[in-house]
Amino acid sequence: AEREALASWSGPGATADGRPVKILANVADGESARSASGAPVEGVGLFRTELCFLNRSEEPSVEEQAGIYGEVLAAFGDGRYVVVRTLDAGSDKPVAFATHEGEENPALGVRGLRLSFDNPGLLDRQLDAVAAAAKETGTEAWVMAPMVATVAEAEDFAAGVRARGLKAGVMVEVPSAALLAHRMLEAVDFLSIGTNDLTQYTMAADRMASDLAHLTDPWQPAVLQLVAITAEAGRNAGKPVGVCGEAAADPLLACVLVGMGITSLSMAAAAVRPVGAKLAGVTHQQCEEAAEAALAAADPVAARDAARAVLG
Ligand code: PEP
Ligand code: MG
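Since the model is a prediction, treat every value here as computed from it, not as a measurement.

Participant: For this particular structure, what's the right way to read the nonpolar core?
Facilitator: A general trend in soluble globular proteins is that nonpolar side chains are found buried together. In this structure, Val-44, Val-130, Val-170, Val-256, Leu-257 and Leu-265 are the most contacted members of the largest nonpolar core, which totals 100 residues. For this core, the element with the most residues is helix H10 (residues 251-260), which contributes eight residues. Leaving out residues up to four positions away in the same chain, Leu-257 has contacts with Val-227, Val-243, Ala-247, Ala-248, Ile-262 and Leu-265. Counting eight residues, the second-largest nonpolar core is a separate cluster that includes Cys-52, Ala-89, Ala-98 and Val-110.

Participant: I keep staring at the site of ligand 1 and nothing clicks. Help me out?
Facilitator: Taken together, Leu-46, Arg-48, Asp-88, Glu-173, Gly-194, Thr-195, Asn-196, Asp-197, Cys-244 and Gly-245 make up all the residues around ligand 1. Secondary-structure elements contributing two or more residues to the shell around ligand 1 are strand E2 (43-48) and helix H8 (195-203). The greatest single-element share of the shell around ligand 1, amounting to three residues, is contributed by H8. Residues that form the shell around ligand 1 fall into these classes: two nonpolar, four polar and four charged.

Participant: Can you help me understand the environment of Met-203 in this one?
Facilitator: As for its placement among the helices and strands, Met-203 is situated in helix H8. Discounting chain neighbours no more than four positions away, the residues touching Met-203 are Leu-215, Thr-216 and Gln-220.

Participant: Where do I start with the sheet that holds strand E6 (residues 190-193) in this structure?
Facilitator: What holds strands together in a sheet is hydrogen bonding between their backbones, with the strands either parallel or antiparallel. Spatial ordering of the closed barrel is given by E1-E2-E3-E4-E5-E6-E7-E8, a layout of eight strands whose pairing is parallel. With direction set aside, neighbouring strand axes in the sheet form an average angle of 25°. The pairing of strand E1 (residues 22-27) with strand E8 (residues 264-267) spans four bridges and is classified as parallel. The partner of Ile-23 across the bridge, within E8, is Leu-265.

Participant: Whenever I open this one, helix H13 (residues 300-311) confuses me. Can you help?
Facilitator: Helical periodicity: at 3.6 residues per turn, an α-helix aligns residues three or four positions apart in one direction. Helix length check: H13, at 12 residues, gives a terminal C-alpha distance of 16 Å against a target of 16 Å (1.5 Å per residue), a fit within 8%. The complete set of buried residues in H13 reads Ala-303, Ala-306, Ala-307, Val-310 and Leu-311. For H13, the arc enclosing every buried residue in end-on projection is 120°, short of the 170-degree limit, so these residues lie on one face. Turned more than 90 degrees off the buried face of H13, the exposed positions are Val-301 and Ala-309. Next to the buried residues of H13 lie helix H9 (221-237), H10 and helix H12 (284-296). Positive phi shows up at Gly-312, right after H13, with a value of about 85°.

Conventions we followed
Residues numbered from 1 in each chain as written. Chains lettered and ligands numbered in written order. Predicted model: local features only at pLDDT ≥ 70, side-chain atom pairs only at ≥ 80, totals over all residues. Core = buried A, V, L, I, M, F, W, Y, C linked by C-beta atoms within 7 Å. Buried ≥ 20, exposed ≤ 12 C-beta atoms within 10 Å, placed from the backbone. Helix = DSSP H or I, 4+ residues; strand = E, 2+ residues; numbered from the N terminus. Contact = placed C-beta atoms within 7 Å. Near = placed C-beta within 6 Å. Nonpolar A, V, L, I, M, F, W, Y, C, P; charged D, E, K, R; others polar. Pairing = 2+ DSSP bridges. Axes fitted to C-alpha atoms, helices over the stretch in contact; angles between N-to-C directions. Expected span 1.5 Å × (residues − 1). Arc of directions from axis to C-beta.

Here it is in structure tokens:
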């Protein structure tokens, strides 16, 4: 029966009792966007713009950037929307024209939005390019910043995005942002939880260190608590809170996230059908019960087992 559900699921995302959950794709460039646009997704929840520039030594002009972003937006020009993430250069994604060299701790250094502190033009030019691409293609673009740690950062970023007529959000990747989610939501239109980095920074464990995999597990109770805090803030504010990290691609965990109040799940295209089919086979109440059980568990293994006992 499970295999049948997988084969027949064709979106849009919803629980068995009809609670809508947006299923979105993570993309890296025009090619991956065109490929993902054939999947049963309502849009793109994470366009990692830095991946377009890993081999570039010079910053591309606004016109060239607009062309690159326009390819992704055009692939979803049929009424769907695209969440564009501004440059997340630094640490595990070095971009030659943006990354600060010689940092002792690059993961804790000048990366993501922090690059705009001493180089605001870099962000301004990227926002100009996204706005131009949105105008050119007619596709709705939301824009979000990575590695946001303070409410003031969210306010400054949102001002720049809204001045260009676009919806503004921030990623929740740093525990401070999760703890202050309710205040972040006063500044922005939406939040998107990056569980890869949120896990890394909550557990103080390098996401690239395979010998720390038991710590860099999004089922860790502390990570689940921070996700739940963020989702609850979204419910109270009546604003969308999505997840775009690897956690959204795990069908069981995706249901737990929905039970916490997460409104969208963004993932690699390959995960869309397994997640969509799993969600379509469980009720929203089951998701809530699974979330409650996972949050009460003592460790990641117990959390997964508790969720599976409810969700099957
Ligand atoms: C994340 O940190 O979960 C995320 C989605 O961003 P990236 O994996 O690109 O750091
Ligand atoms: Mg991240």
